[in-house]
Amino acid sequence: MKYMGSKRRIAKHILPIILDGRKRGQAYVEPFVGGCNMIDKVDGWRIGADSHYYLIKLWRAVQNGWIPKDNYTEAQYNMIKRNPQAYPEHIVGYFGFALSFGARWLGTWRKDKNNDCVGEAYRSAIKQFKKLKGVEFYNCPFDALIIPNKALVYCDPPYRGTYKYNGTKYDSNRFWSWCRRLVNQGHTVFVSEYEAPSDFKCVWSQEINAGFNQKKYFKKAVEKLFTKRRPKIMIEIRATFESKEEAIQWLQGSDAQPAEPKHTKAKAEPVEYDEPVEAKKPKAKKQEDPAKVQKRLVKAIVDFILADKVENMRKVRPLMPEGQKDVKALSVEQAQAICLELGIDV
Ligand SMILES: C[S@@+](CC[C@H](N)C(=O)[O-])C[C@H]1O[C@@H](n2cnc3c(N)ncnc32)[C@H](O)[C@@H]1O
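Residues numbered from 1 in each chain as written. Predicted model: local features only at pLDDT ≥ 70, side-chain atom pairs only at ≥ 80, totals over all residues.

**Here's the deal with the overall build of the protein**
Right, on to step 1. Secondary structure summary: the protein contains 10 helices and 9 strands in total.
Right, on to step 2. Split into buried and exposed, the 346 residues of the protein put 28% on the buried side. (Helix = DSSP H or I, 4+ residues; strand = E, 2+ residues; numbered from the N terminus. Buried ≥ 20, exposed ≤ 12 C-beta atoms within 10 Å, placed from the backbone.)

Right under this line is the structure:
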């Protein structure tokens with residue numbers, strides 16, 4: 001399902017890394033499951049949670065066999081937006097995400113003159129929903145989720161300093177401390193973020209288009225995947241215990257003393273075996289001249305059309321503002337919206 005911050009485009013790169021080494025029967029857990037664009041490509045025992053109430057209502061309804069209609073209208077969208085309490089929660093969830101422009105929660109209708117956004121959302125729902133059979137869904141904040149022992153946990157939280165998801169509180173520092181606790185409890189943890197504390201190691205990165213910045217220009221960002229290994233305890237035996245087992249027992253506080261106290265100096269020190277990596281700060285870029293930005297975006301759209309005139313014109317036309325035919329007259333915002341919707345790289 002279309003979703004803010006969806007990982008659909010990069011799932012093929014990061015899932016093999018996350019799932020590599022997954023044990024038989026090991027639970028795969030997503031505490032920020034969002035549009036299910038990762039979990040729908042995983043098999044076995046799966047748990048998905050999210051703090052968004054209507055979203056989880058939608059996923060639960062899907063579990064019970066609900067499928068959307070392919071003839072919803074903008075008028076229905078606006079009624080639901082004005083008065084969500086008056087409608088079934090899963091329907092509100094579906095309209096709120098799948099039929100909203102840019103998948104922004106109950107923002108504006110996914111405008112499309114041919115009304116094909118409804119058809120497109122419907123077709124992708126039909127394809128995706130059947131892949132969610134058997135997922136356990138929970139509606140809770142990440143740190144209230146009960147996670148089975150030694151699980152594989154993939155976190156895709158709201159990125160620090162980006163769009164805030166409606167009605168949800170998210171504290172990034174608290175999140176990283178919680179991740180450390182999970183690692184210490186024996187879970188395997190992976191996190192998608194732009195930056196992470198230095199004890200988390202970046203295992204994959206790639207530049208992507210990440211929506212708009214505050215001045216409404218395209219923002220490039222580097223998607224990253226982080227993980228943290230469990231620290232090993234190194235036991236250094238300096239003197240003479242009878243055996244290593246005896247030393248370990250002693251360290252663990254057992255009453256048993258070594259046979260003869262010929263010893264004893266034993267020291268336990270935690271050893272980090274991942275080199276901490278310092279996250280590099282991106283260099284601040286100079287603001288580009290708006291006229292140049294407009295030209296660049298228009299050129300990208302024109303190139304896109306020229307690559308396959310009939311087919312691509314068919315895609316661009318419904319996204320043009322009403323009554324406007326000339327691509328060159330598009331404003332920066334309008335051109336950006338079209339590029340983003342069609343995945344045109346600029
Ligand atoms: C980046 S999105 C996840 C997108 C998902 N991976 C996908 O590909 O569709 C982040 C999700 O975190 C949820 N969220 C925000 N704060 C949360 C919290 N404190 N606890 C749990 N979920 C939270 C949001 O509702 C949103 O669905």
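Still more to cover.
**Observations concerning the nonpolar core**
Right, on to step 1. Residues Phe97, Leu99, Val153 and Val191 are the most contacted members of the largest nonpolar core, which totals 56 residues.
Right, on to step 2. Excluding its chain neighbours within four sequence positions, the residues that come into contact with Val153 are Val29, Pro31, Ile147, Leu182, His187, Thr188 and Val189.
Right, on to step 3. Judged by nonpolar contacts, the second largest core, of 11 residues, contains Val298, Leu330, Val332 and Cys339. (Core = buried A, V, L, I, M, F, W, Y, C linked by C-beta atoms within 7 Å. Contact = placed C-beta atoms within 7 Å.)

**A look at the confidence of the model for the protein**
Right, on to step 1. When the pLDDT values of the protein are averaged, the result is 83; 79% of them are 70 or greater.
Right, on to step 2. Note that pLDDT drops below 50 for residues 254-258; the model gives that stretch 8 contacts with residues more than four away or on any other chain.
Right, on to step 3. Within the model, the stretch residues 260-282 combines pLDDT values under 50 with 41 contacts to residues more than four positions away or in other chains. (pLDDT = per-residue confidence, 0-100.)

**Digging into the site of the ligand**
Right, on to step 1. The environment of the ligand is made up of 22 residues, and the closest members are Gly5, Phe32, Gly34, Gly35 and Asn37.
Right, on to step 2. A class-by-class count of the residues in the shell around the ligand yields 10 nonpolar, 8 polar and 4 charged. (Near = placed C-beta within 6 Å. Nonpolar A, V, L, I, M, F, W, Y, C, P; charged D, E, K, R; others polar.)

**Structural notes on unusual backbone geometry**
Right, on to step 1. Look at Cys36: it is not a glycine, yet its phi comes out positive at around 60 degrees.
Right, on to step 2. Tracing the backbone shows Cys36 in the loop between strand S1 (28-30) and strand S2 (46-50).
Right, on to step 3. The backbone of Ala103 shows a phi angle near 60 degrees, a positive value even though the residue is not glycine.
Right, on to step 4. Within the secondary structure, Ala103 is located in the loop between helix H4 (89-98) and helix H5 (116-129).

**What about the environment of Phe142?**
Right, on to step 1. Relative to the helices and strands, Phe142 resides in the loop between strand S3 (136-139) and strand S4 (152-155).
Right, on to step 2. The exposure class assigned to Phe142 is buried, which follows from the 22 C-beta atoms found within 10 Å.
Right, on to step 3. The sequence separation of Phe142 and Cys155 amounts to 13 residues, and the corresponding C-alpha distance is 9.1 Å.
Right, on to step 4. Residues contacting Phe142, with those up to four places away along its chain left out, are Pro31, Phe32, Phe175 and Trp178.

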